[in-house]
Amino acid sequence: MTDYVADMREHRRLAILIFLERLSNYSSNASIITDMLNSPKVAVTSSRSQVGTELAWLAENGFVVLEGSGEFASATATPSGMDIARGRSMHPEIKRPTPRP
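Since the structure is predicted, the reported quantities are computational estimates derived from the model, not experimental observations.

Engineer: So what's going on with the packing of aromatic side chains? Which residues, and what values?
Structural biologist: The relation between two aromatic rings is expressed through the spacing of the ring centres and the mutual angle of the planes. This model, assessed by the stated rule, comprises one aromatic pair. Cation over ring: Arg13 sits above Trp57, and NZ or CZ is 3.6 Å from the ring centre.

This is the structure we're talking about:
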């Protein structure tokens, strides 16, 4: 795997967790997460397959809870995922967030 691919994966994982952390119910579905990642504001180009893979990885590592599957999967951030999004804890395979103003 190239450094670029690994960097994109780390950014994608962080962007997902930050997005979920900012929602009032800390939850969203895979389709909306994909749209958010591909938006000009976030610009972390992602296919639906990549989002599904990253959601599964985040769930396996205890950062989100998944319900459903594929495009219909819904992810909810866990307390561990919230800590990553807020920069309170780190994981070597997730980009660390920059400080918020």
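Once the structure has been displayed, the description carries forward.
Engineer: Could you give an account of the sheet that holds strand E2 (residues 64-67), naming the residues involved and the relevant values?
Structural biologist: Taking strand neighbours across the sheet as the criterion, the three strands line up as E1-E3-E2 in an open arrangement whose pairing is antiparallel. The open sheet has two free edges, formed respectively by strand E1 (27-29) and E2, since each of these has just one partner strand. Averaged over all adjacent pairs, the angle separating strand axes in this sheet is 20°, with direction ignored. Of the strands in this sheet, E1, E2 and strand E3 (74-77) touch helix H1 (residues 3-22), which is tilted by about 120° from E1. The sheet contacts of helix H3 (residues 48-60) involve E2 and E3, and relative to E2 the element is tilted by about 120°.

Engineer: Which residues make up the packing of helix H2 (residues 30-38) against H3, and what values go with them?
Structural biologist: Closest axis-to-axis distance for the H2/H3 pair is 10 Å, and the angle between their directions is 115°. Classified by the interaxial angle, the pair formed by H2 and H3 is roughly perpendicular. Crossing of H2 against H3: the hand is right-handed. When H2 is examined against H3, the residues Ala30, Ser31, Ile33, Thr34 and Leu37 are found in contact with a partner set consisting of Arg48, Val51 and Leu55. Grouping the constituent residues of the contact of H2 with H3 by class yields five nonpolar, two polar and one charged.

Engineer: Could you give me a rundown of the packing of H1 against H3, with the residues and numbers involved?
Structural biologist: In contact at an axis separation of 10 Å, H1 and H3 are set at 75° when each is read in the N-to-C sense. By the criterion of interaxial angle, the relationship of H1 to H3 is roughly perpendicular. Facing Arg9, Arg12, Arg13, Ile16 and Leu17 of H1, the residues of H3 in contact are Gln50, Glu54, Leu55, Trp57 and Leu58. Within the contact of H1 with H3, the residues separate by chemical class into five nonpolar, one polar and four charged.

Engineer: Tell me about the pattern of salt bridges, residues and numbers included.
Structural biologist: Applying the stated rule across the entire model yields five salt bridges. In this structure, the salt-bridge partner of Glu54 is Arg9, at a minimum N-O distance of 3.1 Å. Residue Glu54 is found in helix H3, and its partner Arg9 is found in helix H1; the two are separated by 45 residues along the sequence. A relative accessible area of 2% means that Glu54 is categorised as buried. The partner of Arg13 in a salt bridge is Glu93, and the shortest N-O contact between them spans 3.7 Å. Taken together, the positions of Arg13 in helix H1 and Glu93 in the segment after helix H4 (79-85) put the pair 80 residues apart, joining distant regions of the chain. Here the salt bridges share partners, and the residues they tie into one network are Arg9, Arg13, Glu54 and Glu93.

The rules we used
- Residues numbered from 1 in each chain as written.
- Predicted model: local features only at pLDDT ≥ 70, side-chain atom pairs only at ≥ 80, totals over all residues.
- Heavy atoms only, no water.
- Phe/Tyr/Trp six-rings, centres within 6.5 Å; stacked < 30°, edge-to-face > 60°.
- Lys NZ or Arg CZ within 6 Å of the ring centre and 35° of its normal.
- Pairing = 2+ DSSP bridges.
- Helix = DSSP H or I, 4+ residues; strand = E, 2+ residues; numbered from the N terminus.
- Axes fitted to C-alpha atoms, helices over the stretch in contact; angles between N-to-C directions.
- Contact = heavy atoms within 4.5 Å.
- Parallel < 35°, antiparallel > 145°, perpendicular 65-115°, else oblique.
- Left-handed = near helix turned anticlockwise from the far one by under 90°.
- Nonpolar A, V, L, I, M, F, W, Y, C, P; charged D, E, K, R; others polar.
- Salt bridge = Lys/Arg side-chain N within 4 Å of Asp/Glu carboxyl O.
- Buried < 20%, exposed > 50% of the residue type's maximum accessible area, 1.4 Å probe, protein only.

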